[in-house]
Amino acid sequence: MTTTPLFPGFNAHRLPTPDGQHIHALVGGEGPPLLLLHGHPQTSAIWHKVAPALARHFTLVLADLRGYGDSAKPVGDVEHALYSKRTMAADMLAVMQHLGHTRFTVLAHDRGARVVHRLAADHPAAVQRMVLLDIAPTLAMYEQTSNAFARAYWHWFFLIQPAPLPERLIEADPAAYVRDVMGRRSAGLAPFDPRALAEYVRCLALPGTAHGICEDYRAAAGIDLVHDRADRDAGRQLAMPLLALWGEQGVVHQCFEPLKEWQRVATDVRGHALPCGHYIAEEAPDALLEAALPFLLAGQ
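Residues numbered from 1 in each chain as written. Predicted model: local features only at pLDDT ≥ 70, side-chain atom pairs only at ≥ 80, totals over all residues. Heavy atoms only, no water.

**Q** What am I meant to see in the sheet that holds strand 4 (residues 59-63) here?
**A** What holds strands together in a sheet is hydrogen bonding between their backbones, with the strands either parallel or antiparallel. Spatial ordering of the open sheet is given by 1-2-4-3-5-6-7-8, a layout of eight strands whose pairing is mixed. Of all strands in the sheet, those with a lone pairing partner are strand 1 (11-16) and strand 8 (269-274), marking the two edges. Neighbour-to-neighbour, the strand axes of the sheet open up by a mean angle of 20°, direction not taken into account. The pairing of strand 1 with strand 2 (residues 22-29) spans six bridges and is antiparallel. Looking across to strand 2, one finds that Leu15 is bridged to Ile23. Contacts between helix 13 (residues 258-265) and the sheet are confined to strand 6 (127-133), strand 7 (242-247) and strand 8, with strand 8 contributing the most and set at about 160° to the helix. (Pairing = 2+ DSSP bridges. Helix = DSSP H or I, 4+ residues; strand = E, 2+ residues; numbered from the N terminus. Axes fitted to C-alpha atoms, helices over the stretch in contact; angles between N-to-C directions. Contact = heavy atoms within 4.5 Å.)

**Q** Help me understand helix 15 (residues 285-298), please; the structure alone is not making it clear to me.
**A** Every α-helical turn comprises 3.6 residues, leaving residues that sit three or four positions apart pointing alike. Helix length check: helix 15 (14 residues) gives 20 Å between terminal C-alpha atoms against 20 Å at 1.5 Å per residue, within 8%. At Ala292, helix 15 shows its largest kink, close to 35°, and the proline Pro294 lies no more than four residues downstream. Within helix 15, the full set of buried residues consists of Pro285, Ala287, Leu288, Leu289, Ala291, Ala292, Leu293, Phe295 and Leu296. (Expected span 1.5 Å × (residues − 1). Bend = angle between axes of the 7 residues up to and from the residue. Buried < 20%, exposed > 50% of the residue type's maximum accessible area, 1.4 Å probe, protein only.)

**Q** Just to check I follow, could you spell out the pattern of salt bridges for this structure?
**A** Pairs can form between side chains of opposite charge whenever their charged atoms are close. Applying the stated criterion across every chain yields a total of 20 salt bridges. Across the salt bridge formed by Arg118 and Asp122, the nearest N and O atoms sit 2.9 Å from each other. Of this pair, Arg118 and Asp122 both sit in helix 3 (residues 111-122), four residues apart, which is roughly one turn of that helix. Residue Arg118 is classed as buried on the basis of its relative accessible area, which comes to 3%. Across the pair Asp231 and Arg236 runs a salt bridge whose closest N-O atoms are separated by 2.8 Å. Residue Asp231 is classed as buried on the basis of its relative accessible area, which comes to 12%. Arg236 sits in the partly exposed class, given a relative accessible area of 48%. Salt bridges sharing partners connect three or more residues here, namely Arg86, Arg118, Asp122, Asp228, Asp231 and Arg236. (Salt bridge = Lys/Arg side-chain N within 4 Å of Asp/Glu carboxyl O.)

**Q** Looking at this model, I keep getting lost on the packing of aromatic side chains. Mind explaining?
**A** In this description, an aromatic ring pair is defined by two values, namely the gap between the centres and the angle between the planes. Applying the stated criterion to the full structure yields ten aromatic pairs. Consider the rings of Phe149 and Phe157, whose centres lie 6.4 Å apart with planes at 85°: the pair is edge-to-face. A relative accessible area of 0% means that Phe149 is categorised as buried. Note on Phe149 and Phe256: the rings are 5.1 Å apart at their centroids and 80° apart in plane angle, and the pair reads as edge-to-face. Pair noted here: Phe149 is in helix 5 (residues 147-152) and Phe256 is in the loop between helix 12 (251-255) and helix 13, with a separation of 107 residues, a long-range link. Relative accessible area serves as the criterion here: at 5%, Phe256 is assigned to the buried category. Aromatic ring contacts, followed pair by pair, group Tyr142, Phe149, Tyr153, Trp156, Phe157 and Phe256 into a single cluster. Directly above the aromatic system of Tyr217 lies the positively charged group of Arg111, at a separation of 3.7 Å from the ring centroid. Positioned over the ring face of Phe295 is Arg129, at 4.6 Å from the centre of the ring. (Phe/Tyr/Trp six-rings, centres within 6.5 Å; stacked < 30°, edge-to-face > 60°. Lys NZ or Arg CZ within 6 Å of the ring centre and 35° of its normal.)

**Q** Could you clarify how one ought to interpret the nonpolar core in this entry?
**A** Across soluble globular proteins, you tend to see nonpolar side chains buried next to one another. In terms of nonpolar packing, the biggest core is built from 101 residues, with Trp47, Leu54, Leu60 and Met130 touching the most fellow members. Residue contributions to this core peak at eight residues, all from helix 15. (Core = buried A, V, L, I, M, F, W, Y, C linked by side-chain atoms within 4.5 Å.)

**Q** What's the story with the side chain of Asp216 in this structure? I'm lost.
**A** Within the secondary structure, Asp216 is located in helix 10 (residues 209-220). Residue classification places Asp216 among the buried positions, given a relative accessible area of 0%. Setting aside its immediate chain neighbours within four residues, Asp216 contacts Tyr68, Tyr83, Lys85, Met88 and Arg111.

**Q** Explain the packing of helix 2 (residues 85-98) against helix 3 here, please?
**A** Two elements in contact, helix 2 and helix 3, have axes separated by 8 Å at closest approach and are oriented at 80°. Judged by the angle between their axes, helix 2 and helix 3 are roughly perpendicular. Contacts between helix 2 and helix 3 pair Lys85, Arg86, Met88, Ala89, Met92 and Leu93 from the former with Arg111, Arg114, Val115, Arg118, Leu119 and Asp122 from the latter. Among the residues forming the contact of helix 2 with helix 3, the class breakdown is six nonpolar, no polar and six charged. (Parallel < 35°, antiparallel > 145°, perpendicular 65-115°, else oblique. Nonpolar A, V, L, I, M, F, W, Y, C, P; charged D, E, K, R; others polar.)

**Q** In this structure, what is going on with unusual backbone geometry? I would like to understand it.
**A** Excluding glycine, residues mostly have negative phi values, and the peptide bonds linking residues are mostly trans. Of note, the amide linkage connecting His40 to Pro41 takes the cis form, showing an omega dihedral of -5°. Examined against the element boundaries, Pro41 turns out to sit in the loop between strand 3 (33-37) and helix 1 (51-55). Positive phi is not limited to glycine here, since His80 has a value of about 65°. Of note in the backbone geometry, Asp134 takes a positive phi value of approximately 55° without being a glycine.

Encoded structure:
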């Protein structure tokens, strides 16, 4: 089955996870495997501006995280383990293995990049190299939370409130939530293709999505920090090549030192800011390709 006009020639797949859920993914292109993961409150549609160029070099797997897009949205548990980055990373490992890819490269933004951090930590043999967009490690960001960061990333602290308060407010007007969260960033809504925005709104309005995205953030503020601290206490570091890119107009650049923070948790790190805000793949697709493609191709 082919997909929307955003990804002509790509095929849609419904792939099983280890715990009996499913992940929706689009597959297209030719070459070695490249997994692409989106952020919040979006879907795999974020990659539509860079996918044509990447598909000339790679077999692309554009997956929706659990709780997002057209992927499964299970009801969360008390510890939020069903939405831990460990569980979400296991989803993506299963997706790639099901498609026949035991070792692969990853390009990931925002929440997806947090999943990839855990994927690389838990399954280092599977991840050849990775590009992470506009995040510092979750533990560093929580431990260094400032007044400026909390005001700018208000949704981090809204979404973790006990159910069903944030779910109820999001479900009351999903389109407004998308406009407010995305439109208040540095570039406003101008960079977004109307078809992509419509896809984000459609998926946020699906039953269970509001709960799924809240559980993602609740896990990040709880069980994910337990896992990250265990890695730090044990001295575990990522060994595969890592390219960190972030927007010079974004909050991560203003409130943290992303390159320094990634160098604390990984041994082979490089990176720099790009001339844009948070939504790099949609705000500055050419700059992203110029920075990321040589790094991605170097591993082939």
